[in-house]
Amino acid sequence: MKLGDVALVLIVALIAIVMLTSPAFNDLVMTSIKGAINYLIGNATVMPTLITGSVSGPCGSWGLINVNLTNDESLFLEVVNGSYVYLLSGYQLRGWGGGPRAPSNYTWFSSVPGIYVVNPGPGNYSLLVCGNTGVIYRVLNYTAMGVAAYYGPGYGNITTDAVLGFFNITSANIENSTGAAAPGFSLQLNAYVIIEYGDGEEIHWVQDALVIMDDQYWFQGEMDVVNYIGSSRNFIYEQGKCVLGCFETPMSGVLVIAVNSTGYGVVINFGYALLRLGNETFSPRVNWFAHELIPIVNATACIMTSPAEGPYGWPMDTELVIGGPGNGGGVKFRELDAYLSLLYWNGTSWAPYPITYTFGVSTGEYAVNVYVLPISPATAELVTGHNDYQQLSG
């Protein structure tokens, strides 16, 4: 059965499931928008290789780097196979004194492969990695918030032809935002497309976004950060009143990215389905508003979710997240209530990503005062509150 033949039925089924799980979908509030927000976010850094030679013991091989955290900053870590990762204060580091034995006193520790966000409080710390000394880390101030998958079961990859993000925004009251001339925010479906041909390979970052700005909305596709693919942008005003392209709550729908291999090359498709806007409801129908052809003949392509490092120094996650309206900007919410679900096409049906987190790192935009509440695997409710960086499911 082809994806297009069953997409509408599956979307309706998905909506029914989420509606039953979250009956508050009928609530709505939307009021004023203001001002500007400060932003600070660190860059990805790869851990340097060995500092000492190999000797017997769990920390016979180790790497060490200093990390400084200020108020409200957290530490993003990807622990890989064979690594023993410790976060040590200055006192704990002096007490350890060096390998080959492992520290007995530490602030945080893990040897289980995965994505972690550590919140030890402000101060100077040392990140100690024993064994396999490769690690990716980043100091976080704020990130985009929502539902993100970084890997599959067994710390493996998940590959698919299509990913889908369901959303229902019942209220969104912005305190302030940056990144665009007018106040607003975006809901982004971000993913990585892997193209293989002969002995070669290409990796592309893709984004299908709902942009809400100055009480207007549109859907927009981008690739590799700076390549604008297309949008559904269309507004109509009559006697000074917006009658088309106007943002209202509740607003619900889906974002879809799908890839196809053709005789002309790989086609990346960007789509959306609008299901409800204010008091008006719509029959589920996917609008493929933008397409990108990568003219590599006899190439194969997939969307991959992987803990492997991608072209921008981060794991290749798939994410449905809320952030600023664009250009690396942020948004701070005074009030927010939104439901998000992240799914992938497993060949016969839409399936929730089994292991998810509350934050995404594959975008420059970020959100402030967004708390993520788990509902079910890959489904969450976003409300106002202190940003919570944690595993959502799995």
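To start, this report covers the structure provided alongside it. Values in this document were obtained by computation on a predicted structure and should not be read as measured data.

1. Overview of the overall build of the protein chain
Here's step 1: Looking only at helices and strands, the protein chain has two helices and 31 strands in total.
Here's step 2: Per-residue burial for the protein chain yields a buried fraction of 56% across its 394 residues.
Here's step 3: Taking the contacts inside the protein chain whose residues are at least 6 apart along the sequence as the reference set, 74% of them involve residues at least 24 apart.
Here's step 4: With the model as given, the accessible surface of the protein chain reaches about 16,100 Å², and the carbon-plus-sulfur share is 51%.

2. Some details on the state of the cysteines
Here's step 1: Per the stated rule, a full pass over the model turns up one disulfide.
Here's step 2: Note that C59 is cross-linked by a disulfide to C130, the S-S spacing being 2.0 Å. With the S-S bond torsion at 85°, the cross-link from C59 to C130 turns out right-handed. Placement of C59 in the loop between strand 1 (45–46) and strand 2 (62–69) and of C130 in strand 7 (residues 123–131) is noted, with a sequence separation of 71 residues between them. With respect to class, C59 is no different from C130; both count as buried.

3. Considerations on the packing of aromatic side chains
Here's step 1: Applying the stated criterion across every chain, the model contains 22 aromatic pairs.
Here's step 2: Taking the centre distance of 5.4 Å and the plane angle of 90° together, the rings of Y150 and Y357 count as edge-to-face. Here Y357 lies in strand 27 (residues 356–360) and Y150 lies in the loop between strand 9 (144–149) and strand 10 (158–160), a separation of 207 residues in the sequence. Exposure class is identical for Y150 and Y357. Each is buried.
Here's step 3: Joined through ring pairs, the aromatic side chains of F76, Y150, Y151, Y155, W314, Y357, F359 and Y389 make up one cluster.

4. A few points about the layout of surface pockets
Here's step 1: Each pocket or cavity is described by its volume, and for the second largest pocket that value is around 420 Å³.
Here's step 2: Y217, L244, G245, L274 and L277 are the residues nearest the centre of the second largest pocket, which is lined by 20 residues in total.
Here's step 3: At the level of elements, strand 14 (216–223), strand 17 (241–244) and strand 19 (265–277) are the ones that each hand at least two residues to the lining of the second largest pocket.
Here's step 4: When residues of the lining of the second largest pocket are assigned to their parent elements, the largest contribution, four residues, is made by strand 19.

5. Comments concerning the nonpolar core
One broad trend across soluble globular proteins is that nonpolar side chains are buried collectively.
Here's step 1: If you look at the biggest cluster of nonpolar residues, it comprises 76 residues, and the most contacted ones within it are F185 and F359.
Here's step 2: For this core, the element with the highest residue contribution is strand 25 (residues 330–345), accounting for seven residues.
Here's step 3: Discounting residues that sit within four places of it in the chain, F359 has contacts with F76, I115, V117, T143, A144, M145, G146, A148, Y150, Y389 and Q390.

6. Here's the deal with the pattern of salt bridges
Here's step 1: Evaluated as defined, the whole model comprises one salt bridge.
Here's step 2: Between K332 and E175 there is a salt bridge, and its shortest N-O distance comes to 3.8 Å. Here E175 lies in strand 11 (residues 162–177) and K332 lies in strand 25, a separation of 157 residues in the sequence.

7. Section: the sheet that holds strand 7
Here's step 1: Ordered in space as 2-7-4-5, the four strands form an open sheet in which the pairing is antiparallel. The open sheet is flanked by strand 2 and strand 5 (108–110), the only strands paired with a single partner. When strand polarity is set aside, the average angle formed by the axes of neighbouring strands in this sheet is 15°.
Here's step 2: Where strand 4 (residues 83–89) and strand 5 come together, three bridges link them in antiparallel fashion. Bridge pairing in strand 5 links V85 to S110.

8. What to know about the environment of A301
Here's step 1: Relative to the helices and strands, A301 is located in strand 22 (residues 300–309).
Here's step 2: Sequence separation of A301 and N260 is 41 residues, and the distance between their C-alpha atoms is 7.0 Å.
Here's step 3: Here A301 is in contact with D161, V193, I194, I195, V259, S261 and V266, once residues within four sequence places are set aside.

9. With respect to unusual backbone geometry
Here's step 1: A cis geometry characterises the amide bond from G99 onward to P100, with omega recorded as 10°.
Here's step 2: Positionally, P100 belongs in the loop between helix 2 (90–96) and strand 5.
Here's step 3: Residue P250 follows T249 across a cis peptide bond; omega there is -5°.
Here's step 4: Tracing the backbone shows P250 in the loop between strand 17 and strand 18 (251–262).

Here is what the cut-offs are and how they apply
- Residues numbered from 1 in each chain as written.
- Predicted model: local features only at pLDDT ≥ 70, side-chain atom pairs only at ≥ 80, totals over all residues.
- Heavy atoms only, no water.
- Helix = DSSP H or I, 4+ residues; strand = E, 2+ residues; numbered from the N terminus.
- Buried < 20%, exposed > 50% of the residue type's maximum accessible area, 1.4 Å probe, protein only.
- Contact = heavy atoms within 4.5 Å.
- Areas by Shrake-Rupley, 256 points an atom, 1.4 Å probe, with all protein chains shown as cover.
- Disulfide = S-S within 2.5 Å.
- Phe/Tyr/Trp six-rings, centres within 6.5 Å; stacked < 30°, edge-to-face > 60°.
- 1 Å grid on protein atoms, 1.4 Å probe; cavity = no way out; pocket = protein on both sides within 12 Å on 5 of 7 lines; lining within 4 Å.
- Points joined across faces, edges and corners; volume = space filled by probe spheres on them.
- Core = buried A, V, L, I, M, F, W, Y, C linked by side-chain atoms within 4.5 Å.
- Salt bridge = Lys/Arg side-chain N within 4 Å of Asp/Glu carboxyl O.
- Pairing = 2+ DSSP bridges.
- Axes fitted to C-alpha atoms, helices over the stretch in contact; angles between N-to-C directions.

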